[in-house]
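Per-entry structural report
Letter by letter, the chains look like this.
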Amino acid sequence: MGKGKPVEMKKSFVMLLTLVFALALAACGNNSSNGSDNASSASPSASESSSASPSDSAGGEKLSGNVLAVGSTALQPLAQAVADKFMAEDQYKGISVQVQPGGSGTGLSQVSDGQANIGNSDIFAEEKLDADKAKELVDHKVAVVAMAAVANKAVGVDNLTKQQLVDIFTGKITNWKDVGGADQKIVIVNRPASSGTRATFEKYALGTKTEDLQGSIQEDSSGTVKKLVKETPGAIGYLALSYLDDSITALKYDGVEPTADNVKTNKYPVWAYEHMYTKGEPTPEVKAFLDYILSDAVQSGVVVEQGFVPVSEMQVERDAAGNVTNK
Amino acid sequence: MNLPATDIRTAPAEKAPKRQRHIAEEFRGKFYVYFCVLLMIVIIFSIVYFIASRGLAPFIANGVSVKEMLFGLKWNPEGDPAAFGALPFLFGSFATSLLAAVIAAPLGFCASVFMTEIMPKFGKTLLQPAIELLAGIPSVVYGFVGLSVIVPFLRDTFPGQGIGILAGALVLSVMILPTITTIATDALRSLPSGLKEGSYALGATRWQTISRIILPTTLPSLLTGVVLGIARAFGEALAVQMVIGNAPHIPHSLFESATTLTSIITLEMGNTTSGSLHNNALWSLALILLLMTFVFVFVVRVLERRVKR
C-alpha cells in the first residue's frame, strides 16, 4: 500500500499529460481560425473609439488582438523587424504580431482562405491566384525590393546586356569568354521555378520565362545563393540589393548600376513591390500595423536598413501588367 | 474453529471495496490505453487520407497520367504545356539514399563488430554514445556542414561544382550511420554466446568466427538496419536540398546538380498556392514518398520474419 500511492500518482500524472497533449492537439486544429476570429470579433468594439491612424489611437482606447502575417521569405526579415519595433511601441502593447515565412504562394492562399490576417507576397496576387479570389484581396505595397545579377569575382565581367543575360539563363552562352570575361564555364545559381524572386527577375530583367537547365543549381535561400556564387568558380545568380557586398560582383544591367537611386527613377528596372495583402479592408489592429510600416519613420528607417527601397520615394508606379507610369 | 469463521465473514466485507477499486483501476487503465491507441489510429489515417486526397487530385481531376508522373523526364508544372515527369526526382532519391547506404553500411557493421566483439567496454562507454550523438544533430546542421566542407572539397578534387548526388550521399551516410550501427549492435549482442564459444572450441580464429558465424547469422537484422537507414535517407529533405543543387534533370555524373523528391517538395511547396495543380502535383510526390515508406516497412517485416525462423 505504501508503494501504491506514488505509483498511482505517477499514473494519473501521465494520464493528465496525455489528456493535455490531446487537448492541445485538438486546439491546434482550430487555432488558425481562432486567430482570425479574434481579430474580426475585436473589430467592432475597437473601431468605434479609435480611428485607424496610429497617432489618433494613442490617446483613445488601446487596440488589442493578434495579427498573423504569413508568406514571402524575401519580405520576412523586414516584416519581422517592423513587427518587433511595432510591439515595443507603447500604444500598440496589446497587439501581438506574428510573422511566419512560407513563400509567397502560401501567404496568398492563407490570407485568401482567412487563415492569416496578412499575406506577404513578392508578386501581385493576380499572378498566382484565380481572378475572383485575387479580387477579394486588398493590396498594400509596403516596400520595393530591387535585384541585381551577381557573379563570382573571378569571371572578369561587370556589365551584361539584357540579351546577354537572356542567353546565359537560357543556356545559349555557356562560357564567360563569350561575354568578354575569363575562359570559365558559366554555372547558373537560380531560384526554384515557382519562386517569387525568380518570377520578378525573369519578368523585369529577362523579359521571358526560362526553364531549369541541366546542371544548373536551384536554391531557395538568398544566403545559400550568395555563398554558392561567392565560392563556385564561374557562378552567376541574382540577389536582392541588401545581400550585395564586396565578396561578389554586382553586374550592371545594360550599363546601369543597381543602386537605390536608379531604382527610384526606374532607370534600373529590375525591382518589384513587396505586398502585404489583406482580405477585404483590414481590421483596426491590422490597419494599425500597416499604417505603422508605411509611416515615414519606418519607411526611411527600418525599410532602408533592411536594404529595401521606401515605397514613398519611388518616382514611378507600376501595375500588375508591368505598365510604368510617372507619379 | 471460531477464528477461521470470523475470517470468512469479515473477508468479503474487506474485499468488496478492494475489488471495486480494482475494477475502477482496470477500467481507467483500459480507457487510457484505448484512448491513446484510438488517437494514434485517427492521426495516422487522417494523414494518409489528407495526402491521398490531395495527391490523387492531379490524376483524377486534371488528367495527368500516372505513367507520365513516374517515367516522364520533364518537370514544368507551370509551363505551357505543363509537364509532370518525376523520374529525375525518383532517380535522385534512390541514387542518393542507396549510395548513402553503401557508404554507411560497412562503417556501421564494422563499428558494431568492434563494439561487441573486440572492445566491448570501450565501445559501450565511448563509441556507442558518440555514434548515437550523430542522431541528435539537426539536419540543417548537417546540410550546412555539407555545404561548407564537403561541397568545397568535392569541387576542388573532382570536376564539376561539388554539389550533386555524391555530396548528398556523403551527408546522408553520416546521418543514417547511427540507425545502422544501433540496430547491428543490438543484433550482435543478442546472439547466443554458445554459438561463438562453439566456433572458438572448434579452433576458429576471432576473424573466422566473426566473418563466418556472427555476420551470416545476424545478416537479416543487419539488413533491417540498412533498410531503415535507407528509409530515413529517402525521407530526409533539408540537408540534401542544401547540397544537391536541385536541377530537375537526371545528372550525367555524381558531381552534377540533381534533385530528390523531398527537396523538390520543400523548395516549391511554399511558393505555390494551395489547391492549384502545381501544389497538388507536389502532394502526388508526397504520396509517392509515403508509398515508398510502406514498401520499406514491408521489406523490414519480411526480413524480421526471416530472423525469427
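Everything below is about the structure shown above.
Residues numbered from 1 in each chain as written. Chains lettered and ligands numbered in written order. Predicted model: local features only at pLDDT ≥ 70, side-chain atom pairs only at ≥ 80, totals over all residues. Heavy atoms only, no water.

**Digging into the overall build of chain A**
- Each helix and strand counted, chain A has 13 helices and 13 strands in total.
- When contacts within chain A are restricted to residue pairs at least 6 apart in sequence, those whose partners lie at least 24 apart make up 73%.
- A total of about 14400 Å² of accessible surface is found on chain A, and carbon and sulfur atoms cover 52% of it. (Helix = DSSP H or I, 4+ residues; strand = E, 2+ residues; numbered from the N terminus. Contact = heavy atoms within 4.5 Å. Areas by Shrake-Rupley, 256 points an atom, 1.4 Å probe, with all protein chains shown as cover.)

**Overview of helix H7 (residues 162–169) of chain A**
Residue and element names in this part refer to chain A.
- Buried within H7 we find Leu165, Val166, Asp167, Ile168 and Phe169.
- Each element contacted by the buried residues of H7 is listed here: strand S4 (137–151), strand S5 (159–160), strand S6 (187–190), helix H8 (196–206), strand S8 (235–240) and strand S10 (252–253).
- Phi turns positive, to about 90 degrees, at Gly171, one or two residues after H7. (Buried < 20%, exposed > 50% of the residue type's maximum accessible area, 1.4 Å probe, protein only.)

**Considering unusual backbone geometry**
- Backbone geometry places A:Asp254, a non-glycine residue, at a positive phi of 55 degrees.
- Here A:Asp254 is to be found in the loop between S10 and helix H10 (260–264).
- What makes A:Asp254 partly exposed here is its relative accessible area of 43%.
- Residues other than glycine seldom take positive phi values, yet B:Asn246 does so here, at roughly 65 degrees.
- Topologically, B:Asn246 is positioned in the loop between helix H10 (238–244) and helix H11 (261–269).
- The exposure class of B:Asn246 is buried, given its relative accessible area of 1%.

**So, the interface of chain B and chain A**
- Taken together, the contacts link 39 residues of chain B with 40 residues of chain A.
- At the boundary of chain B with chain A, total buried surface from both sides reaches about 3000 Å², with 54% on carbon and sulfur atoms.
- Our count for the chain B to chain A interface comes out at two salt bridges.
- Note that A:Glu231 and B:Arg155 form a salt bridge whose closest N and O atoms lie 3.4 Å from each other.
- Taken together, the connections running from chain B to chain A amount to 13 residue pairs in polar contact (both at pLDDT 80 or more).
- Put simply, the parts of the chain that give the side of chain B that touches chain A at least two residues each are helix H1 (2–55), helix H6 (139–157), H10 and H11 of chain B. (Buried area = accessible area lost by both parts, 1.4 Å probe. Salt bridge = Lys/Arg side-chain N within 4 Å of Asp/Glu carboxyl O. Polar contact = N/O pair within 3.5 Å; in protein donor to acceptor, adjacent residues only side chain to side chain.)

**Here we look at the side chain of A:Asn190**
- With respect to the helices and strands, A:Asn190 occurs in strand S6.
- Side chain to side chain, A:Asn190 and A:Tyr238 meet in a polar contact 2.5 Å long.

**Section: the packing of helix H7 (residues 165–189) of chain B against helix H9 (residues 206–235) of chain B**
Residue and element names in this part refer to chain B.
- Packing of H7 against H9 leaves a shortest axis separation of 8 Å and a crossing angle of 150 degrees. As far as their axial angle goes, H9 and H7 are roughly antiparallel. Taken as a pair, H7 and H9 cross one another with a handedness that is right-handed. Residues Leu172, Met175, Ile176, Thr179, Ile180, Ile183, Ala184, Ala187 and Leu188 of H7 form the contact with H9, whose own contacting residues are Ile214, Thr218, Ser221, Leu222, Gly225, Val226, Leu228, Gly229, Arg232 and Ala233.
- Here the contact of H7 with H9 is built from residues that sort into 13 nonpolar, five polar and one charged. (Axes fitted to C-alpha atoms, helices over the stretch in contact; angles between N-to-C directions. Parallel < 35°, antiparallel > 145°, perpendicular 65-115°, else oblique. Left-handed = near helix turned anticlockwise from the far one by under 90°. Nonpolar A, V, L, I, M, F, W, Y, C, P; charged D, E, K, R; others polar.)

**Considering the pairing of S8(A)**
All names here are of chain A.
- Extensive coverage of S8 is indicated by the burial of six of its six residues.
- The alternating pattern of S8 places Ala235, Gly237 and Leu239 and Ile236, Tyr238 and Ala240 on opposite faces, both of which are buried.
- Examined bridge by bridge, S4 and S8 share five bridges and lie antiparallel to one another. Within S8, the position partnered with Ala149 by the bridge is Tyr238.
- When S6 meets S8, the two strands line up parallel, connected through two bridges. (Pairing = 2+ DSSP bridges.)

**Observations regarding the environment of A:Ala320**
Residues and elements named next belong to chain A.
- Position of Ala320 among the secondary structure elements: in the loop between strand S12 (316–318) and strand S13 (324–326).
- With relative accessibility at 25%, the residue Ala320 sits in the partly exposed group.
- Sequence-wise, Ala320 and Ile123 are 197 residues apart; in three dimensions their C-alpha atoms are separated by 8.4 Å.
- Those residues in contact with Ala320 that lie beyond four places of it in its chain are Phe124, Glu126, Glu127 and Lys203.

**Here we look at the nonpolar core**
- In this structure, A:Trp176, A:Phe201 and A:Ile236 are the most contacted members of the largest nonpolar core, which totals 74 residues.
- The greatest single-element share of this core, amounting to ten residues, is contributed by S4(A).
- Of all hydrophobic cores here, the second largest spans 69 residues; its members include A:Leu228, B:Leu147, B:Ile150 and B:Leu285. (Core = buried A, V, L, I, M, F, W, Y, C linked by side-chain atoms within 4.5 Å.)

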